[in-house]
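Each chain is listed here by its residues.
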Amino acid sequence: MKIVFATGNPGKLREAAEILGKGFELVTPAQVGITEEIPETGNTIRANSQQKADYIYKKTGLNCFADDTGLELDILGGAPGVETARYAGPQKNPADNIRKLLREITRRMQEASSARALGLSMVHANRKARFRTSVTLILNGEHHYFDGVMEGRIGLSPYGDGGFGYDPVFMPEGYDVTAAQLSEEEKNAISHRGKALRAMAEFLHEQH
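Quick caveat: nothing in here was measured; it's all calculated off a predicted structure.

*Asks:* Would you mind going over helix 5 (residues 192-206) with me for this structure?
*Replies:* One turn of an α-helix holds 3.6 residues; hence residues three or four places apart share an orientation. When the terminal C-alpha atoms of helix 5 are compared, their 22 Å separation across 15 residues agrees well with the 21 Å that a helix rising 1.5 Å per residue should span. Within helix 5 the residues assigned to the buried category are His 192, Arg 193, Gly 194, Ala 196, Leu 197, Met 200, Ala 201, Phe 203 and Leu 204. Check the buried side of helix 5 and you find it contacts helix 1 (10-20), strand 3 (64-73), strand 5 (128-139), strand 6 (142-154) and helix 4 (184-190).

*Asks:* Is there a simple way to explain the confidence of the model for the chain in this structure?
*Replies:* Do not read the fine detail of predicted coordinates wherever pLDDT is low. In this model, the chain carries an average pLDDT of 91, and 94% of its residues clear a pLDDT of 70 or more. Scored below 50 in pLDDT, residues 120-125 makes 8 contacts in the model with residues more than four places away or belonging to other chains.

*Asks:* Looking at this structure, how should I read the environment of Arg 46?
*Replies:* Relative to the assigned elements, Arg 46 resides in helix 2 (residues 45-60). C-alpha separation for the pair Arg 46 and Arg 193, spaced 147 residues apart in sequence, amounts to 13 Å. Among residues more than four places away in sequence, those in contact with Arg 46 are Ser 134, Thr 136, Tyr 145 and Asp 147. Polar side-chain contacts of Arg 46 include one of 2.9 Å to the side chain of Asp 147.

*Asks:* Where do I start with the packing of helix 1 against helix 5 in this structure?
*Replies:* Helices that pack against each other are described as a pair by the angle of their axes relative to one another and the distance between those axes. In the contact formed by helix 1 and helix 5, the axes pass within 9 Å of each other and the chain directions differ by 40°. Considered as vectors, helix 1 and helix 5 are oriented oblique to each other. As for how helix 1 packs across helix 5, the hand of that crossing is right-handed. Within the contact between the two elements, helix 1 uses Lys 12, Glu 15, Ala 16, Ile 19 and Leu 20 and helix 5 uses Arg 193, Gly 194, Leu 197, Arg 198, Met 200, Ala 201, Leu 204 and His 205. A class-by-class count of the residues in the contact of helix 1 with helix 5 yields 7 nonpolar, 2 polar and 4 charged.

*Asks:* In this structure, what is going on with the pairing of strand 1 (residues 2-5)? I would like to understand it.
*Replies:* Looking down a regular strand, the side chains alternate between one sheet face and the other. Judged from the 3 bridges that link them, strand 1 and strand 2 (residues 25-27) form a sheet pairing that is parallel. Within the sheet, the bridge partner assigned to Lys 2 lies in strand 2 and is Glu 25. For the handedness criterion, the β-α-β arrangement of strand 1, helix 1 and strand 2 is classed as right-handed. Pairing between strand 1 and strand 3: 2 bridges, direction parallel. Residue pairing across strands places Val 4 opposite Cys 64, the latter belonging to strand 3.

Calculation rules
- Residue positions are given per chain, counting from 1 as you read along its sequence in written order.
- Where totals are concerned, whole chains, interfaces and linings use all residues; where local detail is concerned, this predicted model gives features only for residues with pLDDT of at least 70, and gives and counts side-chain atom pairs only at 80 or more.
- Only hydrogens and water are set aside when side-chain values are computed; all heavy atoms of the structure are taken into account.
- In this description a helix means any DSSP run of H or I spanning at least four residues, a strand means any run of E spanning at least two, and both kinds are numbered starting from the N terminus.
- By definition here, a helix of n residues has an expected span of 1.5 Å times n minus one.
- Exposure is judged per residue with a 1.4 Å probe applied to protein chains only, and the accessible area is read against the type maximum: over 50% gives exposed, under 20% gives buried, and values in between give partly exposed.
- Whether two residues are in contact is decided by their heavy atoms: any pair within 4.5 Å suffices.
- One confidence number per residue, pLDDT, is output by the predictor and ranges from 0 to 100.
- Whenever two N or O atoms come within 3.5 Å, that pair is a polar contact, provided that in protein one can donate a hydrogen and the other can accept it, and provided that, for residues adjacent in sequence, both atoms are side-chain atoms.
- In this analysis an axis means a line fitted to C-alpha atoms, helices contributing only their contacting stretch, and an angle means the value between N-to-C directions, from 0 to 180 degrees.
- Our angle categories are set so that under 35 degrees counts as roughly parallel, over 145 as roughly antiparallel, 65 to 115 as roughly perpendicular, and the remainder as oblique.
- Handedness of a crossing follows from how the near helix is turned relative to the far one, being left-handed for an anticlockwise turn of less than a right angle and right-handed for a clockwise one.
- Here the nonpolar group is Ala, Val, Leu, Ile, Met, Phe, Trp, Tyr, Cys and Pro; Asp, Glu, Lys and Arg are the charged ones; every other residue, Gly included, is treated as polar.
- Should DSSP find at least two bridges between two strands, the strands are regarded as paired.
- By definition, the crossover connecting two strands over a helix is right-handed if that path, from the first strand to the second, turns clockwise as seen with the strands pointing away from the viewer.

Below you can see the structure in the form of structure tokens.
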């Protein structure tokens, strides 16, 4: 089956191809003539993934899927969430995003500490976080949704040169290293995106 994956990221394309396995030919939007930036203006990660999949399907009529991911921090009330990729601005610079994230955590913890000193009731400050991925699959014109979550915490400073995005400061649950210090295989085995893609792969194999 030929299926369009709304990504230009070689690592994500390779991961999806390995998870789907034989019988599926993954192609990029550029390979089917979509070279413009695909809009993602939804107010949730699921809305963004659906918007991207809808865009491709309306343009090509081909089976397709898209994903969107958000990082959620308890101490920031679930932020950056849908703004994860552009947290520090529309330039989507990973280093800027990480710097802003660490600043916001520090600021929030200082506020919480000051409030406790004043005797105010505050939610316990911590660095607990999770990555959440939503995948939208359009198969024969019908929408199907698959989700994956990776729990963890935010480290004090960046470590590691692997992965991308917030990986240098995200420490997966059960690990004392960041996602950027894991091998690609180790990360894919536990990642939010990997979980969502494996759920989609299981569904697709049941259809054939």
